[in-house]
Amino acid sequence: MAKDYCVLGIESSCDETGVALVQVQGEALPLLLADALYSQIEMHQAYGGVVPELASRDHIRRVLPLTEQVLAASGRTLADVDVVAFTRGPGLAGALLVGAGVACALAAALGKPVLGMHHLEGHLLSPFLSADPPEFPFVALLVSGGHTQLMRVDGVGRYELLGETIDDAAGEAFDKSAKLLGLGYPGGPALSKLAEQGDPSEFKLPRPLLKSGNLDFSFAGLKTAVMVQAKKLALVAGVAVEALPVQVLADLAASTQAAIVEVLVKKSLAALSQTDLKRLVVAGGVGANRSLRAQLNAACAQRGVRVHYPELHLCTDNGAMIAMAAAMRLQSGQQAATHVYAFDVRPRWPLADLPVAS
Ligand code: KG4
Ligand code: ZN
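Residues numbered from 1 in each chain as written. Chains lettered and ligands numbered in written order. Predicted model: local features only at pLDDT ≥ 70, side-chain atom pairs only at ≥ 80, totals over all residues. Heavy atoms only, no water.

A. Molecular detail of the sheet that holds strand E4 (residues 83-89). Spatially, E3-E2-E1-E4-E5 is the arrangement adopted by the five strands of the open sheet, whose pairing is mixed. At either end of the open sheet lies a strand with only one pairing partner, and these are strand E3 (31-39) and strand E5 (114-118). Along the sheet, successive strands turn relative to each other by an average axial angle of 20°, direction set aside. Against the sheet, helix H3 (residues 93-110) engages strand E1 (4-11), E4 and E5, with an angle of about 160° to E4. (Pairing = 2+ DSSP bridges. Helix = DSSP H or I, 4+ residues; strand = E, 2+ residues; numbered from the N terminus. Axes fitted to C-alpha atoms, helices over the stretch in contact; angles between N-to-C directions. Contact = heavy atoms within 4.5 Å.)

B. Geometry of the side chain of Glu 11. Topologically, Glu 11 is positioned in strand E1. Buried and unpaired, Glu 11 has Arg 88 as its nearest opposite-charge partner, separated by 13 Å. Within the structure, the side chain of Glu 11 is placed 2.7 Å from the side chain of Thr 87, a separation counted as a polar contact. A distance of 3.0 Å separates polar atoms of two side chains, one belonging to Glu 11 and the other to His 119. Setting aside chain neighbours within four positions, we find Glu 11 in contact with Glu 16, Thr 17, Gly 18, Thr 87, His 119, Asp 317, Asn 318, Gly 319, Met 321 and Ile 322. (Buried < 20%, exposed > 50% of the residue type's maximum accessible area, 1.4 Å probe, protein only. Lys, Arg positive; Asp, Glu negative; His and termini not counted. Salt bridge = Lys/Arg side-chain N within 4 Å of Asp/Glu carboxyl O. Polar contact = N/O pair within 3.5 Å; in protein donor to acceptor, adjacent residues only side chain to side chain.)

C. Fine view of the packing of helix H5 (residues 170-180) against helix H7 (residues 220-237). In contact at an axis separation of 9 Å, H5 and H7 are set at 15° when each is read in the N-to-C sense. Taken together, the axes of H5 and H7 lie roughly parallel to each other. Every pair of crossing elements has a handedness; the one defined by H5 and H7 is right-handed. Counted together, Lys 176, Ser 177 and Leu 180 of H5 and Lys 223, Val 226, Met 227 and Ala 230 of H7 form the full contact between these two elements. (Parallel < 35°, antiparallel > 145°, perpendicular 65-115°, else oblique. Left-handed = near helix turned anticlockwise from the far one by under 90°.)

In structure tokens form, the structure reads like this:
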């Protein structure tokens, strides 16, 4: 690999098409030249969740125009692309296949190498795109719609799983609770907005596995507790849950958020003590949650722990994190890009299965 090169990243694992171009210059932190994103949220809203087939078809429509947009914004052309990276998994099979197919076709046409990336590694390394990038080693709290994990991260590809959810992910807990409160899809941002008007101590909801003595999470029971509480209130009021007074819904939202956030904060602190590390990185969609950020910041400040987040718009899925993770992998020499354009995707792909060395 030359000393200076550009990596194009394509993300299409779920309901966002993301494309970005980063520049690698020697050992310096790769530089984001441009990124573009198309969110399919509006299209899926009518169905109350992601419809995989519609997601795949929309990725097909968006990916090339977004690539042109990114090249134009960075003042580059396809000839300047040295490596094409794409999300290989985990995610929706059909959606992943679009990004993989386009990335491999593009790379083959250009005679350039491709690199299939792990979506969670993208999230994990996304804080390196922020104005306040972390340094290794750190504890990572990865909280997305599909995953909730605590990891010890010693370098690119050096990830040790400390704990994870045994059922629903934190984002799923936000989304499912929001849905049953009639807040639509995606529920996380809607629930946290409503929670701002509510009293988090109004309803006593469980803090699952808080005292389990390990770093695992469980959120399925919390969602059920929210449902039972909401139905009880609706029954007494003689209305449907969605028709409960806004203040009651806001109190429920605030109490739900408080339960999720308390577990995430306490387990993160426990992971920091266990590893004796003084740096925490938060990544994934739920990392955009304001209450989580405020409470983590306060708790970590007290303990002399630095906390790093991705830029707000890079918390949820995007192409920049895929291009960045690919660039950092190439820099670390741990995984070479390949000129073999036969591709597969891995809809289920534990991060622990990632190769450390090429
Ligand atoms: O990382 P991401 O974009 O996709 C996955 O890889 O899953 O995360 C999406 C998740 C959804 O569950 C969404 O509701 C949640 O992140 N989310 C939030 C917020 N913004 C996004 N949850 C709570 N508060 C937010 N502000
Ligand atoms: Zn994601």
